[in-house]
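Structural overview
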Amino acid sequence: MSVVDEKDRLGQKLRDLEKAREDQWAAEHDRELLDKLRRRAAAQGPQMNCPQCGRALESVTRKGFSMSLCSEHGAWIEKEALERLLGKVRDSK
Ligand SMILES: [Zn+2]
């Protein structure tokens, strides 16, 4: 075995190490991205589906009331928003 071979093998080993470090960085980067996505999903609350057709409800805001809407069947509205809404209906009578 020549000295050159030895150097090549050392170089290859260094390249392998570098590659491993890059892979590790990529894995950590992926994990960070996943965490970020998971936190964003948690902030939005669980995805809800229409009890009638099972379709994913669409989050919409109408006149300041945020609700989850099925374009065919109806909407889910949070209690607090519903009470505000009913209050408005009563006020208008
Ligand atoms: Zn529906």
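Our structure's up above, just so we're on the same page.
Okay, so let's go over this structure. (Residues numbered from 1 in each chain as written. Predicted model: local features only at pLDDT ≥ 70, side-chain atom pairs only at ≥ 80, totals over all residues. Heavy atoms only, no water.)

**Quick look at the overall build of the protein**
- Counting secondary structure elements, the protein contains two helices and three strands.
- Listed N to C, the secondary structure of the protein is α-β-β-β-α in terms of helices and strands.
- Put simply, the protein has 93 residues, and 11% of those count as buried.
- The long-range share in the protein, meaning contacts at least 24 apart out of those at least 6 apart in sequence, stands at 2%.
- As presented, the protein carries roughly 8600 Å² of accessible surface, and 54% of it is formed by carbon and sulfur atoms. (Helix = DSSP H or I, 4+ residues; strand = E, 2+ residues; numbered from the N terminus. Buried < 20%, exposed > 50% of the residue type's maximum accessible area, 1.4 Å probe, protein only. Contact = heavy atoms within 4.5 Å. Areas by Shrake-Rupley, 256 points an atom, 1.4 Å probe, with all protein chains shown as cover.)

**Notes on the pattern of salt bridges**
- The tally for this structure, following the rule as stated, stands at four salt bridges.
- Close ionic contact of Glu 83 with Lys 79 constitutes a salt bridge, the shortest N to O distance being 3.2 Å. Taken together, the residues span about one helical turn, with Glu 83 and Lys 79 both in helix H2 (residues 79-91) at a distance of four residues.
- The class of Glu 83 is partly exposed, set by a relative accessible area of 45%.
- The partner of Arg 84 in a salt bridge is Glu 80, and the shortest N-O contact between them spans 3.3 Å. Linking Arg 84 with Glu 80, this pair stays in helix H2, spanning four residues, or about one helical turn. (Salt bridge = Lys/Arg side-chain N within 4 Å of Asp/Glu carboxyl O.)

**Considering the coordination of the zinc ion**
- Only Cys 50 (SG), Cys 53 (SG), Cys 70 (SG) and His 73 (ND1) from the protein reach the zinc ion as donors, at distances of 2.0 to 2.4 Å.
- Given four donor atoms and angles of 104 to 111° at the metal, the environment of the zinc ion is assigned as tetrahedral.
- The partly exposed category is assigned to His 73, whose relative accessible area is 41%. (Donors = N, O, S within 2.8 Å, 3.2 Å for Na, K, Ca; no water. Tetrahedral: all angles 85-135°; square planar, octahedral: opposite > 155°, others 65-115°.)

**Overview of a nonpolar patch on the surface**
- On the surface, Leu 82, Leu 85, Leu 86 and Val 89 cluster together into a nonpolar patch covering about 290 Å² of accessible area.
- Structurally, Leu 85 can be placed in helix H2.
- Residue classification places Leu 85 among the partly exposed residues on the basis of a relative accessible area of 30%. (Patch = residues over 30% accessible without salt bridge, like charges linked within 9 Å, V, L, I, M, F, W, Y side chains within 5 Å.)

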